[in-house]
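Okay, here's what each chain looks like letter by letter:
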Amino acid sequence: MAEAQLSLDPSASQATQGRRPTTADERIFVASQWQLMWWRFRKHKLAMVSGAIIIGFYLVALGADFLAYADPNVSEAQRSLMPPQPIYLFDGWRFSPHVYAVRGRRDPMTFKRVYQADPSQKIPIRFFARGFEYNFLGLIPTSVHLIGVDAGHRAENTIFLLGTDVQGRDQWSRLVYATRISMTIGLVGVALSLFLGVLLGGVSGLYGGFADTLIQRLIEILRSIPTIPLWMGLAAALPREWSILQIYFAITIIISLLGWTELARVVRGRFLALREEDFVVSARLVGCTQMRIIFVHMVPSFMSHIIAATTLALPAMIISETALSFLGLGLRPPAISWGVLLQQAQNVQTVAISAWLMLPALPVIVAVLAFNFLGDGLRDAADPYGH
Amino acid sequence: MLTYIARRLVLAVFTVWAVSVLAFAIIQLPPGDYITSYIAQMAATGSIVSEQEAENLRIQYGLDRPIYVQYYKWMVMIAQGNFGMSMEWRRPVGEVIGDRLWLTMVVSFAALLLTWTLALPIGIYSAVRQYSLGDYLFTFIGFLGLAVPNFLLALVILYLGFVFFDANIGGLFSLEYQDAPWSWAKVWDLLKHLPIPALILGLAGTAQQIRIMRANLLDELRKPYVVTARAKGLPEAKVILKYPVRVALNPFASTIGYLFPYIVSGSIIVSLVLSLPTVGPLLLKALIAQDMFLAGTIVLMLGVMTVIGTLISDIILVWIDPRIRLEDT
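Nothing here was measured: the structure is a model prediction, and the numbers come from that model.

As for the overall build of chain B
When helices and strands are tallied, chain B shows 17 helices and two strands. Considered along the principal axes of its C-alpha atoms, chain B spans approximately 90 × 55 × 35 Å. Here chain B holds 329 residues, and 37% of them are scored as buried. The contacts of chain B with a sequence gap of at least 6 include a subset with a gap of at least 24, amounting to 75%.

Right, here's the structure in full:
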């Protein structure tokens, strides 16, 4: 922090040389490091928007069962490959959201199931309607959902916001549930990579010498190996009889075992840079213990860099999980993740007929982009004194 | 320079060793061995393998020995050019893999080449015309390239080709050349099919390289020597291409070593979507069937090829940039 006060924004100090400091300048002088970072981050509009999108994603993950209107695992051959149906918001001039009743039959020529909406039968959509039972936030048992239909109908048979898959499961409901797994698997994986990265990167940067050489070579070796074949091999070796939860953690471990290298490099770089800083040297001279130097003096000043690097590591984790599950080697049904949903889109013939099966690609792309922009913004803000 | 190359070589040898251990671990990890799944497979078709037969098979394949002995035997076999039998295909692994390994490398190398040829001029353009319409356009495409996983991109392109051109743009050969022996016509056919997979594979790398090139060149363009060169009346093209681009090229080139493994890695999964005759689909099948020698050999070969590719690009880098030669001696 000591160097922070000295190398403050040069334009601000120049501006104050000839005159009394204005209140705006004073605000900058007394602001804490985190405050400066926040001001800097606020200027990065794209990162702000991305941050909001990410928060939105996690809110969806939290309230997945409330946002879903159909049980994601209930399959029904009668509703197989139903195209998306819009919800009509107005009936004439009156606000009354409704959908048309849909009848399905088999085309006698092509043997495909075709569906026809019947505009004469309007089924009203209710907010906060009753649906399948679940525990809100895992605690409160309830059956209230954001949208639903009256007691006479079943939401599974009437609302098809994003269509259904081959087994007739509602895609919107599956998508919100998939958000829960896909968005958290990255977090767990990144936490593990962070632990490995900070530990090994820290040892590497702090002690140098032989340990440093060894760890650096290890990183180089890991980075020059094509990872996907390795992931595939390791994931294929997971026992078939494992539960969803076991597979979930095993996959995160596999992904992070090969993914910690970038974080380790950032940490090592920071340790190397800080080791020679005046405030660290003076801490050492006044006789601080090694632990105190690391955790009280060094860690706070590179915390922000770590957060930025972690954010930038998240999208790679999400893509890895999606890729593995897409191949059928990652999470397996009944687990629902974006990759598992995309597995249905593997065959181009299926996709050509039912294009909505590709929809789960959209959240993957949006989430990855948002994490990238957010990470960029955080990285800029992590060093609020630079230009 | 020799010390540098020697150091790289030693590292490459270690990497190959690490890959071989990992490949062997992959083979060993699944519970049971191949004989277990072989027995299950035979039972499914109605024939029964007796305990004695199973034991004999285990001894024949050396599955009864300690792990390090099995590893050693595997290594010795590979050194002799014998990759074992693919138990699923009942043919030698080398024969099953056949051209697929080379085609994997051809596709990956084409993607790498495309990455260079696209990223360099676009990176220079984006830096020189900073904040122009073109710059924004390429930045946008670049971000999209980073965010869209390449297998999804392959899927979308395949879908578009199917819907708008009613053509299957997957594969590496036209039908008539698929099983034909190699000829110039077949090579030409391959070249015609190469651009789409190469573009899909290379897009993410290209996006990243454009950003690196743009950032490096922007740093250089602000330096006083550029102003001096311009003030002395050098033609603009020469001012930019002769000095700042050459300096900016170095960090750009140094990332290539990491790009190659990344592309090879991506080619596995893209091949599955585009049904390219590379090792990708074979690897997936082998892993699902627990065909250990085939899967292990593919992982090992991919690793070795990648290490060689990286080594070559490292050596090219030393040749381009004399500063590295001095640094590491």
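Describing the overall build of chain A
Looking only at helices and strands, one finds 17 helices and four strands in chain A. Across its three principal axes, chain A shows a C-alpha extent of roughly 85 × 55 × 40 Å. When burial is assessed residue by residue, chain A has 35% of its 387 residues classed as buried.

With respect to the interface of chain A and chain B
Each partner contributes residues to the interface: chain A has 33 residues there, and chain B has 42 residues. For the side of chain A that touches chain B, the secondary-structure elements that each account for two or more residues are α9 (209-223), α10 (227-236), α14 (290-327), α16 (348-353) and α17 (361-382) of chain A. A per-element tally of the side of chain A that touches chain B places α10 of chain A first, with eight residues. Here the side of chain A that touches chain B is composed, by residue class, of 25 nonpolar, five polar and three charged.

Re the nonpolar core
In this structure, Met 232 of chain A together with Leu 283, Ala 295 and Ile 298 of chain B are the most contacted members of the largest nonpolar core, which totals 157 residues. The leading source of residues in this core is α14 of chain A, at 13 residues. If near-sequence neighbours (up to four positions away) are discounted, Ile 298 of chain B is found in contact with Pro 229 of chain A together with Ile 97, Val 279, Leu 282, Leu 283 and Ala 286 of chain B.

Things to note about the packing of helix α14 (residues 256-274) of chain B against helix α16 (residues 292-320) of chain B
All names here are of chain B. One way to put it is that α14 packs onto α16 with a least axis distance of 8 Å and a crossing angle of 155°. Relative to α16, the element α14 is oriented roughly antiparallel. Here α14 runs over α16; the crossing is right-handed. Facing α14, whose interface residues are Ile 256, Gly 257, Phe 260, Pro 261 and Val 264, α16 presents Leu 302, Thr 306, Gly 309, Thr 310, Ser 313 and Asp 314. Taken together, the residues of the contact of α14 with α16 break down into five nonpolar, five polar and one charged.

Describing the pairing of strand β4 (residues 140-149) of chain A
Pairing analysis gives eight bridges linking strand β3 (residues 113-136) of chain A to β4 of chain A, with the strands arranged antiparallel. Looking at the pairing, Tyr 134 of chain A lines up with Thr 142 of chain A of β4 of chain A.

A few points about the sheet that holds β4 of chain A
All names here are of chain A. On the basis of which strands lie adjacent, the open sheet formed by four strands has the order β1-β2-β3-β4 and antiparallel pairing. Unpaired on one side and paired on the other, β1 (88-91) and β4 mark the two borders of the sheet. Strand-to-strand twist in this sheet, taken as the mean axis angle between neighbours without regard to direction, amounts to 50°.

Describing the environment of Asp 291 of chain B
All names here are of chain B. Its location among the elements puts Asp 291 in the loop between α15 (279-288) and α16. Asp 291 gets classed as buried once you count the C-beta atoms within 10 Å, which come to 25. On a C-alpha basis, the gap between Asp 291 and Val 239 in space is 58 Å, while along the polypeptide they are 52 residues apart. Asp 291 has contacts with Ser 86, Met 87, Glu 88 and Ala 286, leaving out every residue within four places of it along the chain.

Here's the deal with the confidence of the model for chain A
Per-residue pLDDT for chain A averages 80, and the proportion of residues at 70 or more is 93%. Note that residues 1-16 of chain A has pLDDT below 50 and, in this model, 18 contacts with residues that lie over four places away or in other chains.

Some remarks on unusual backbone geometry
Residues and elements named next belong to chain B. A positive phi is found at Tyr 131, a non-glycine position, where the angle reads about 65°. The topology assignment puts Tyr 131 in the loop between α6 (100-128) and α7 (133-147). A count of 9 C-beta atoms within 10 Å places Tyr 131 in the exposed class. We note that Ser 275 has phi near 45°; this positive angle belongs to a residue other than glycine. Judged by the 15 C-beta atoms lying within 10 Å of it, Ser 275 is partly exposed.

Here's the deal with the confidence of the model for chain B
Residues and elements named next belong to chain B. Per-residue pLDDT for chain B has a mean of 81; in total, 93% of the residues score no lower than 70. Here helix α17 (residues 322-327) stands out as the element of chain B with the lowest mean pLDDT, 61, in contrast to helix α11 (residues 224-231), whose mean of 89 is the highest. Across the assembled chains, the prediction reports ipTM 0.78 with pTM 0.80.

As for the environment of Pro 141 of chain A
Residues and elements named next belong to chain A. Here Pro 141 shows up in strand β4. With 8 C-beta atoms counted inside 10 Å, the residue Pro 141 sits in the exposed group. Residues Pro 141 and Ser 301, spaced 160 residues apart in sequence, show a C-alpha to C-alpha distance of 45 Å. Residues within four places of Pro 141 in sequence aside, it is in contact with Glu 133 and Asn 135.

With respect to the packing of α15 of chain B against α16 of chain B
All names here are of chain B. Between α15 and α16, the least distance of the axes is 8 Å, while the angle of their chain directions is 140°. By the criterion of interaxial angle, the relationship of α15 to α16 is oblique. Note that α15 runs across α16; the crossing there is left-handed. Each of Val 279, Leu 282, Leu 283, Ala 286 and Leu 287 in α15 lies in contact with α16, whose residues at this interface are Leu 294, Ala 295, Ile 298 and Leu 302.

Some thoughts on the pairing of β3 of chain A
Residues and elements named next belong to chain A. Sheet topology note: the strand β2 (residues 94-106)/β3 ladder contains nine bridges and is antiparallel. What sits directly across from Val 102, in β3, is Ala 117. The turn linking β3 back onto β4 is made up of three residues, and Leu 137 within it adopts a positive phi angle of 55°.

Cut-offs and rules
Residue numbers restart at each chain and count upward from 1, following the sequence in its written direction. Both sets of labels track the order of writing: A upward for chains, 1 upward for ligands. Since the coordinates come from a predicted model, pLDDT governs what is reported: local features require at least 70, and pairs of side-chain atoms require 80 or more to be given and counted, while whole-chain, interface and lining totals use all residues. Working definition: helices are DSSP H or I runs of at least four residues, strands are E runs of at least two. Numbering for both runs from the N terminus. Counting other C-beta atoms within 10 Å of each residue's C-beta, where C-beta atoms are placed from the backbone, gives the exposure class: buried for 20 or more, exposed for 12 or fewer, partly exposed between. A pair of residues counts as a contact when their C-beta atoms, built from backbone coordinates, are within 7 Å of each other. Gly falls in the polar group here, along with every residue not listed as nonpolar (Ala, Val, Leu, Ile, Met, Phe, Trp, Tyr, Cys, Pro) or charged (Asp, Glu, Lys, Arg). The term nonpolar core refers to a set of buried Ala, Val, Leu, Ile, Met, Phe, Trp, Tyr and Cys residues connected through C-beta atoms within 7 Å. For helices, the fitted axis covers only the stretch in contact; all axes are lines through C-alpha atoms, and the angles between them, taken along N-to-C directions, range from 0 to 180 degrees. Orientation labels follow simple angle bins: below 35 degrees gives roughly parallel, above 145 gives roughly antiparallel, 65 to 115 gives roughly perpendicular, and whatever is left gives oblique. Helix crossings fall into two classes, left-handed where the near helix is turned counterclockwise from the far one by less than a right angle and right-handed where it is turned clockwise. Two strands pair if DSSP finds at least two bridges between them. As a per-residue measure, pLDDT reflects the predictor's confidence and takes values from 0 up to 100.

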